[in-house]
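Here is how the chains run, residue by residue.
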Amino acid sequence: MDIYKRLLEMGLEIPEMPKPVASYEPAQICGNLIFASGQTGTVNNKLKYWGKLGKDLTIEEGRDSARLAILNCLSEIQFVAGDLNRIEQIIKVTGYVASHEGFCEQPAVVEGASRLLIDVFGDRGRH
């Protein structure tokens, strides 16, 4: 399936690539692998949610932020690959969750990113 068609069906689009905030490359190709730099849940280079999970933010807000972050990562990947349809498999996702003391549901938050990858790429999105 065409990734861009699938995104359109889901009502999503790949955002403009976020501007790096330091001296790093957004993504790098090494052999047949692409490594994307970490991203946050920004829209138009502005963080959508502020605070910590378990105090200021709900799990659903965290999931939405994780979805935004993975869309930003896909933007980086598209930048270096030229076409997301070239992606054969998502291998690894690492998520960091700003959490209030005692919050223990980080996997439920990062699931927002994981679920989006599976919904977009099908089995190729399983990591």
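Since the model is a prediction, treat every value here as computed from it, not as a measurement.

## Observations regarding the nonpolar core
So, step 1. Leu-7, Leu-71, Leu-74, Leu-84 and Phe-121 are the most contacted members of the largest nonpolar core, which has 18 residues in total.
So, step 2. With six residues, the top contributor of residues to this core is helix α2 (residues 59–81).
So, step 3. Excluding its chain neighbours within four sequence positions, the residues that come into contact with Phe-121 are Ile-3, Leu-74, Leu-84, Ile-87 and Ile-90.
So, step 4. Among the nonpolar cores identified, the runner-up in size contains seven residues, and Val-97, Phe-103, Val-109 and Val-110 belong to it.

## A few points about the pattern of salt bridges
So, step 1. Scanning all chains against the criterion turns up five salt bridges.
So, step 2. For the salt bridge of Asp-64 with Lys-48, the shortest nitrogen-to-oxygen distance reads 3.3 Å. A residue pair is termed long-range when its members are at least 10 positions apart, and Asp-64 in helix α2 and Lys-48 in the loop between β4 (46–47) and α2 qualify at 16 residues.
So, step 3. Among the ionic pairs, Asp-119 bridges to Arg-115, the shortest N-O distance being 3.2 Å. Pair noted here: Asp-119 and Arg-115 are both in helix α3 (residues 106–121), with a separation of four residues, about one helical turn.
So, step 4. A relative accessible area of 36% places Arg-115 in the partly exposed class.

Rules of the game
- Residues numbered from 1 in each chain as written.
- Predicted model: local features only at pLDDT ≥ 70, side-chain atom pairs only at ≥ 80, totals over all residues.
- Heavy atoms only, no water.
- Core = buried A, V, L, I, M, F, W, Y, C linked by side-chain atoms within 4.5 Å.
- Buried < 20%, exposed > 50% of the residue type's maximum accessible area, 1.4 Å probe, protein only.
- Helix = DSSP H or I, 4+ residues; strand = E, 2+ residues; numbered from the N terminus.
- Contact = heavy atoms within 4.5 Å.
- Salt bridge = Lys/Arg side-chain N within 4 Å of Asp/Glu carboxyl O.

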